[in-house]
Amino acid sequence: MTLLDIRGLTVATTFGAPIIEGIDLQIAEREILGLVGESGSGKTTLGLAALGYARPGSSVTTGSIRIGQEAILGRTARDLRRLRGRVVSYVPQDPAAAMNPARRIGDQLADRVAHRPRAERSNLIIRALQRAQLPAEPAFLARFPHQISGGQQQRALIAMAIVAEPSLVVLDEPTTGLDVVTQAALLSELNALHDQIGASLIYVTHDLAAVSTIADSVAVMYAGRIVERGQLREVLSRPRHPYTIGLMESVPDHGRPTKLRGLPGVALGVGQWPVGCPFEPRCRQAQLDCTLAMPNFETIHLDHAVRCFHWRQTPPIAVHEPLRREQLADREAILTVDRLCAVHGRGADQIVAAQYVSLTVRPGECVALVGESGSGKTTIARCIAGLHKPAAGTIVLHGQKLAALAGDRSRKQRQHLQFVFQNPYESLNPRHTVGAILSHAAAMLRNLPESTARNEAARVLDEVRLPASSVKRYPGELSGGERQRVAIARALIADPGVLICDEITSALDVSVQAAVLDLLGNLQAAHGLAMVFITHDLGVVASIADRMLVLNRGVICEQGNVSDLIVRPTDEYTKRLLEAAPRLELAATGIGSTT
Amino acid sequence: MLRFLLRRIAWAIVTLWIVSVIVFAATSVLSGNAARAVLGKNAAPATLHALESELHLDRSVFYQYWYWLSHFVRGDFGHSAASVIGSDTAHNSIITLIAGPAANSAILAVITVIIMIPVSLLMGVLAATRAGGWMDHVTAIVSLTAISLPEFVTGTILVAIFATALSWLPPVSLIGPGQGVLDVPQILVLPILTLLAATVAECVRMVRSSVIEALDSDYVATARLAGLSESRIMFSYALRNALAPSVQVIALNMQWLVGGIVVVETVFSYPGLGRLFVSAVNLRDIPTTQSIALLLAAIYIALNILADLIITFLVPELRLA
Amino acid sequence: MQPDARFEGYAPATDVAGTSRTPTPVSRRNFLAAGLGGAATLMLAACGGTNPTPESSVGGAHTNAAGSGSRSPGGAAASATPTSGGTLRIAFVGGGNAETLNPTIASLADIDICRSYQLFDGLVSKLTLDGKIQMALAESLEPNTDGTLWTIKLRKDVVWHDGSPFGADDVIYWLNFLNDVKNGCDNNFMCQLFFDVKNVKKVDAATVQLPMMLPVADLASLLAFESYGVIKNGTKDFSHPVGTGPFKFTSWTPGQQSVFSANKNYWGGAPHIDTLQLTSIPDDTARLNALLGGQIDGAATLPYAQAKAYQGKGENSPIAVLVSNGSSQTYFTLGMSQAPFNDPRVVEAFKLMVDREQMLSQVNVGFGEILNDLWGKGLDYYDTSIPQRTQDIDKAKSLLKQAGHEGLTTTITTSTEKSGQIQAATLLAQQAKAAGVTINLRQVPADTYYSTGWPNYPFGQTSYETAPIPYFYAAALLPGGPFNDIQWTDPAVANQLKDALGEMDPSKSKDKWSAMQQTIWDKSGWICWGSSPWVDGLSKKVHGTTPVRWQLASFGGYDFSNYWLS
């Protein structure tokens with residue numbers, strides 16, 4: 001029985017440029033649809049359209065949407081208000097920002113059942129909390145959003161979305177920003193919840209791995225159109241659109257550590273769509289006809305359909321060779337951290353972030369620091385970089401003991417130790433061009449004359465696969481992936497011996513992450529760079545690191561070669577992290593599995 | 001919370017002490033001789049010396065400051081240097097001197113604030129909900145004009161309209177001996193309008209932009225997508241969160257009032273603390289200047305602490321931290 | 001328009017020597033009524049004409065004006081009958097919380113001076129009408145032959161506001177009060193220079209003998225100034241003052257307002273109005289607004305530019321403008337003890353650099369008249385035979401050259417203490433350029449001008465209310481006087497002045513004062529370039545104003561006894 005029926009839907013900006021175009025999508029009752037695509041593919045626009053909502057500056061131009069008996073489009077504001085929350089509800093992306101910071105959780109839940117008789121309300125709230133795995137007790141209801149953890153915030157938003165018992169829930173990237181353990185727990189809870197409430201779910205995400213554990217069917221979006229749609233197993237076992245394959249190959253999988261192959265090129269922005277297939281510039285199997293016309297949505301069998309002229313030529317997903325790792329143990333350590341301790345705050349509020357952490361990194365080696373948020377991994381990285389004063393311990397670079405703070409270190413030492421931050425939106429000065437950012441770093445750290453600095457800027461831009469013309473652009477004009485490349489280029493222009501990367505891919509789409517990791521791997525090989533790589537994602541660890549240290553509350557609980565630990569973890573905590581790490585659930589399909 | 005308060009009060013005392021040193025230095029070291037200022041140019045050298053010794057002006061500045069401070073902390077605010085001669089003892093004590101004008105200024109400020117807060121909130125919310133509409137444009141133009149005009153210009157314009165042209169209201173705040181300002185309430189209207197013009201405009205703009213920012217937030221979008229009623233969204237979601245930044249600006253404007261009143265009191269010859277302050281400075285009347293400066297600084301700091309307390313109460317993250 | 005012209009123009013007192021030293025008492029009321037001619041129209045016409053009407057003084061300094069019937073009671077005032085009653089409301093700049101009702105320290109703020117004249121009387125009047133002095137609480141002032149002992153006969157018909165009679169004990173208490181340095185009285189220096197208060201003697205209930213430390217030929221001219229209000233025996237507190245003046249104290253808040261009621265038993269005749277309300281409005285614009293808005297009936301000291309504008313409107317002006325010519329003198333001071341002004345040639349050169357006419361028209365917007373570097377033009381003792389000094393750049397240059405100060409650069413200390421001072425200093429700097437002199441301006445805050453460096457500025461500006469010539473020169477040039485803003489400490493000059501002050505022979509006195517003024521004209525560091533009259537605004541319903549030349553300040557010298565309201 002079809003619940004959601006979208007036909008011919010087009011949402012365009014007020015200037016007429018389509019954001020999504022010609023969308024036909026049906027979802028059955030109780031179905032879970034994974035709506036997958038990179039940033040800018042229009043997946044959130046489509047999800048919001050199901051609530052009759054178009055972002056300011058855009059509007060639905062054609063098409064129809066029905067949920068059950070209710071038409072969603074063309075309703076008055078009052079009607080829509082009545083439908084939202086009760087027929088269709090929405091779980092937004094950023095839970096911290098999506099809740100009213102000045103209103104108690106209980107009140108925010110109650111706001112959403114204000115239309116119900118007073119007697120029913122508390123029962124509805126309690127049931128929603130229980131289903132969302134939250135404590136249904138007054139103390140919890142009296143909390144403000146900032147008083148609960150990130151995972152609880154996301155569950156609270158889910159509780160708010162289901163409290164009025166809608167028949168369709170749109171979840172927009174609900175696990176992005178959560179660490180792997182929390183994400184895994186939430187995904188399994190969503191499954192259980194789905195069984196209880198009997199609603200249909202649309203799960204919007206850039207991460208195929210997350211969808212693979214939960215969805216019944218999947219729709220892949222690219223440049224405002226659905227390019228592939230079908231039952232999850234069928235699509236994952238035999239993807240027909242080259243873009244779907246690209247997405248799948250981007251997902252790092254610790255059970256199947258391969259060298260990741262990112263999708264080449266970048267997604268098209270709104271208003272840049274060509275006449276032909278928009279994926280053609282990035283496509284491995286493009287032919288001349290792809291540029292001439294937009295392919296139709298062709299049904300392959302049952303409800304598996306694809307928008308590609310040459311889907312028959314699409315090769316099955318390849319089993320890539322496992323990563324081979326060099327033996328580096330005989331090389332002399334470039335960076336040694338010995339019994340490092342670090343704390344935050346002082347007095348009674350003091351939090352221990354690192355306890356007697358020791359590690360060594362050799363040239364050409366990548367050492368991963370793995371742990372959940374709050375495990376102390378970022379603090380350790382900041383201590384090494386001289387951004388946080390350690391309480392005890394020594395850091396030795398090239399046989400020289402480093403001063404605690406970066407300002408006290410020599411320029412040579414600072415040049416040799418480079419840091420790439422998690423958030424490329426904040427770490428680049430928005431008022432300087434890329435060229436200025438790079439040549440300034442070169443001048444500061446290597447004392448290069450201006451002309452040489454400019455040549456160096458061109459060289460490192462080439463190394464991070466950015467066009468030379470990027471020097472004239474400002475960070476604001478770049479995509480997230482491009483910005484992170486600039487941040488890496490800025491580290492590279494110093495000609496460093498050690499690169500410290502703090503969660504540098506966690507803010508990026510999976511496909512972009514793959515490309516960045518690919519780049520880092522190549523750079524490491526080319527320059528013999530030593531890397532300290534901070535992450536919570538074991539899939540990422542498996543695809544880039546040689547050795548890993550697992551951190552739990554500031555203490556190293558396990559360390560060793562990545563290939564060993566992933567197969568044979570001994571510590572309980574490591575095991576939990578491994579279980580939680582997302583994988584494309586291909587085992588069920590029997591394809592691509594190494595076990 | 002208590003610790004926060006105690007710490008703030010301790011800092012307030014330190015700040016006040018610094019203020020007292022600065023004001024003392026400014027009035028005693030950097031400019032003229034109080035005895036000459038009090039006696040005028042007719043005074044012969046012998047008369048000057050007599051008054052100088054009475055005011056301790058012949059002692060070192062450190063002694064003068066210590067003399068003042070040691071009496072001040074004991075609650076003895078001293079006597080107005082301007083009236084030590086001529087034995088006008090009835091008007092001599094600073095407490096007596098300040099009490100009346102301080103009450104008058106307080107009346108002006110309190111009424112202004114009582115009008116300012118609800119008007120700012122109401123107009124700010126209206127402008128925000130009709131952002132881009134004619135109402136918003138009118139508010140923007142009026143408030144920009146009001147902000148850009150110095151208060152003495154606003155005051156003069158108001159006088160020209162309501163006093164000189166229409167003769168509805170008195171242009172100058174004259175009160176007879178023994179009368180209070182509340183006995184002649186019509187004199188309050190123009191000074192309060194002038195103060196409001198300077199403060200409400202800024203508050204409205206802040207409330208407007210805070211409400212717009214809140215309306216633009218994820219939580220309002222989420223609440224809209226959850227089908228909440230517009231009134232609930234406006235009050236419990238948008239305005240509730242816009243209150244903290246608004247309180248900050250309202251508090252800033254209340255602090256501005258502490259100084260703005262000095263100017264407005266001059267324009268309207270309003271018998272308040274500001275006018276007394278100006279005259280005390282002109283007369284090099286150090287004890288009076290010190291006392292008023294400290295009183296104003298204390299009000300300023302108290303407003304600051306109060307605003308922080310209210311904001312702490314309004315923002316749960318701060319309240320429960 | 002004859003009466004107008006008479007008040008307008010100025011009447012030089014050519015005859016210094018008095019015909020009698022025994023003035024007959026006169027009712028102030030009668031006396032003033034005589035001068036009322038054309039007062040109402042004068043308010044608007046004031047300063048309109050420039051034709052001086054030479055008029056011989058009827059007598060010397062001690063001559064009373066009983067014979068002033070020669071003044072034709074004129075035009076408007078004669079036809080309008082004054083009505084009694086009502087409240088006259090006048091606003092001044094005020095003196096903030098330093099305002100006082102103590103008449104011996106009234107000089108700091110105009111409103112204090114004004115109040116002291118309402119509540120109190122002096123032994124003699126202030127300068128009135130055409131620059132003469134009248135007897136007030138004193139019936140007569142009689143010296144011995146060498147001027148070292150003065151017998152003061154007091155009026156017997158005066159009662160204090162509380163009903164007790166006025167007499168010799170009050171005067172003796174008052175003299176002792178002035179003499180006590182702790183009381184900070186403005187005229188305390190007179191006790192140090194002349195009045196031998198320790199040896200004052202009560203002759204009878206209405207007669208006091210006051211010995212002098214130096215011979216004094218004209219005691220009245222030393223007493224006819226502000227802060228000389230006689231206080232009641234035993235007065236210590238002035239919060240509820242008891243005086244003898246035309247108004248009685250009712251209530252007062254310092255820095256704000258006072259309310260006085262008419263003294264129906266005033267010895268000089270009761271005022272027309274019932275109540276006098278004096279208000280402090282420091283801001284010029286606010287004061288004018290209050291007048292235009294009808295909150296007050298009179299506003300003291302309008303800025304010249306505004307006064308000119310309202311004068312220009314003539315009959316259509318909403319307010320009347322009252323000009324008190326000669327009420328104030330503004331001049332530059334050259335510190336004669338400091339380089340370069342310790343060289344007399346430089347001093348003379350500076351006096352020759354000034355274009356007085358230009359000063360007057362640009363700085364005073366045409367109000368006032370040019371002066372001749374001498375104090376008190378038009379008052380008794382003033383020597384009109386000394387030629388008017390005019391600009392002579394060539395001579396100034398050659399004097400500077402002789403003194404070795406060609407291309408001199410100097411700095412004048414100036415402030416906005418009185419309006420026009422900065423403009424005057426700026427204009428002087430321009431005029432000095434012609435003589436190759438560079439004058440830089442150092443501006444100090446208005447309220448600190450007199451309390452920071454004055455009277456020791458090497459080059460400054462001073463502005464005084466007009467005082468009798470003997471009073472002024474004594475205060476400025478005798479050791480211990482407060483007004484020596486040119487730091488002229490030549491003992492010969494002090495002795496010459498003492499000699500003139502003590503000369504009892506009228507004809508010799510005239511010669512000595514002429515010689516004294518010639519010395520001052522030749523040598524002093526005063527560049528007295530013009531008079532800056534006080535200009536007041538009045539509601540058109542106020543009548544009986546007397547805009548007269550030699551009143552000390554606003555509103556015809558703060559004398560409201562003839563004012564009436566329609």
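Everything below is about the structure shown above.
Residues numbered from 1 in each chain as written. Chains lettered and ligands numbered in written order. Predicted model: local features only at pLDDT ≥ 70, side-chain atom pairs only at ≥ 80, totals over all residues. Heavy atoms only, no water.

### Re the packing of helix α12 (residues 356–363) of chain C against helix α14 (residues 421–433) of chain C
A packed helix pair is summarised by two numbers, namely the angle formed by the two axes and the spacing between the axes. Residues and elements named next belong to chain C. Direction vectors running N to C along α12 and α14 enclose 145°, while the axes themselves pass 10 Å from each other. The handedness of the crossing between α12 and α14 comes out as right-handed. Between α12 and α14, the residues in contact are Q358, M359, Q362 and V363 and Q423, A424, L427, L428 and Q431, respectively. (Axes fitted to C-alpha atoms, helices over the stretch in contact; angles between N-to-C directions. Helix = DSSP H or I, 4+ residues; strand = E, 2+ residues; numbered from the N terminus. Left-handed = near helix turned anticlockwise from the far one by under 90°. Contact = heavy atoms within 4.5 Å.)

### A short note on the interface of chain C and chain B
Contacts between the two partners involve 58 residues from chain C, matched on the other side by 49 residues from chain B. Three residues stand out in chain C for area buried against chain B, namely C:N97, C:Q256 and C:Q295, and they jointly supply 16% of the buried area on that side. Between the two partners, chain C and chain B, sit 3 residue pairs in polar contact (both at pLDDT 80 or more). Going through the elements one at a time, α7 (188–193), β6 (247–253), β7 (257–262), β8 (275–280), α9 (284–292), α15 (449–452) and β14 (459–465) of chain C are the ones with two or more residues in the side of chain C that touches chain B. (Buried area = accessible area lost by both parts, 1.4 Å probe. Polar contact = N/O pair within 3.5 Å; in protein donor to acceptor, adjacent residues only side chain to side chain.)

### Describing the interface of chain A and chain B
Size of an interface, as often reported, equals the accessible area lost when the parts are brought together. Tallying the contact residues gives 25 residues for chain A and 21 residues for chain B. Interface of chain A and chain B: buried area, both sides summed, is about 2,000 Å²; carbon and sulfur atoms make up 58% of it. The largest per-residue losses of area from chain A upon contact with chain B belong to A:R81, A:R112 and A:H146, which jointly make up 25% of the total buried on that side. Where chain A meets chain B, there are 1 salt bridge. Taken together, the links from chain A to chain B amount to 5 residue pairs in polar contact (both at pLDDT 80 or more). Contributions of two or more residues to the side of chain A that touches chain B are made by α3 (95–98) and α4 (105–111) of chain A. Taken together, the residues of the side of chain A that touches chain B break down into 12 nonpolar, 5 polar and 8 charged. (Salt bridge = Lys/Arg side-chain N within 4 Å of Asp/Glu carboxyl O. Nonpolar A, V, L, I, M, F, W, Y, C, P; charged D, E, K, R; others polar.)

### Observations concerning unusual backbone geometry
Going from C:A339 to C:P340, the amide bond is cis rather than trans, its omega being 0°. Among the secondary structure elements, C:P340 is positioned in the loop between β11 (328–334) and α11 (344–353). Despite not being glycine, A:E173 has its phi angle at roughly 45°, a positive value. Mapped onto the elements, A:E173 comes out in the loop between β7 (168–172) and α8 (180–197). Given a relative accessible area of 4%, A:E173 falls into the buried group. (Buried < 20%, exposed > 50% of the residue type's maximum accessible area, 1.4 Å probe, protein only.)

### A few points about the environment of C:T100
All names here are of chain C. On the secondary structure map, T100 appears in the loop between β1 (87–92) and α5 (110–119). We classify T100 as buried; its relative accessible area is 5%. When the C-alpha positions of T100 and I111 are compared, they lie 9.0 Å apart, and in sequence the two are 11 residues distant. Side-chain polar atoms of T100 contact the backbone nitrogen of N102, separated by 3.0 Å.

### Digging into the sheet that holds strand β1 (residues 2–13) of chain A
Backbone hydrogen bonds hold the strands of a sheet together, and the pairing may be parallel or antiparallel. One open sheet holds the 4 strands; their spatial order is β2-β1-β4-β5 (chain A), and the pairing between them is antiparallel. Where the open sheet ends on each side, the last strands, each with one partner, are β2 (18–28) and β5 (70–71) of chain A. (Pairing = 2+ DSSP bridges.)

### Some details on the pattern of salt bridges
All names here are of chain A. Tallying each qualifying case throughout the model produces 42 salt bridges over all chains. Ionic pairing is found between D79 and R75, a salt bridge with its closest N-O pair at 3.4 Å. For R75, a relative accessible area of 24% corresponds to the partly exposed category. Across the pair K575 and E572 runs a salt bridge whose closest N-O atoms are separated by 3.5 Å. Placement of both K575 and E572 in helix α21 (residues 572–580) is noted, with a separation of 3 residues, approximately one turn of the helix. Look at K575 and you get partly exposed, because its relative accessible area is 30%. Taken together, the shared-partner salt bridges in this structure form one network comprising R116, E120, R127 and E165.

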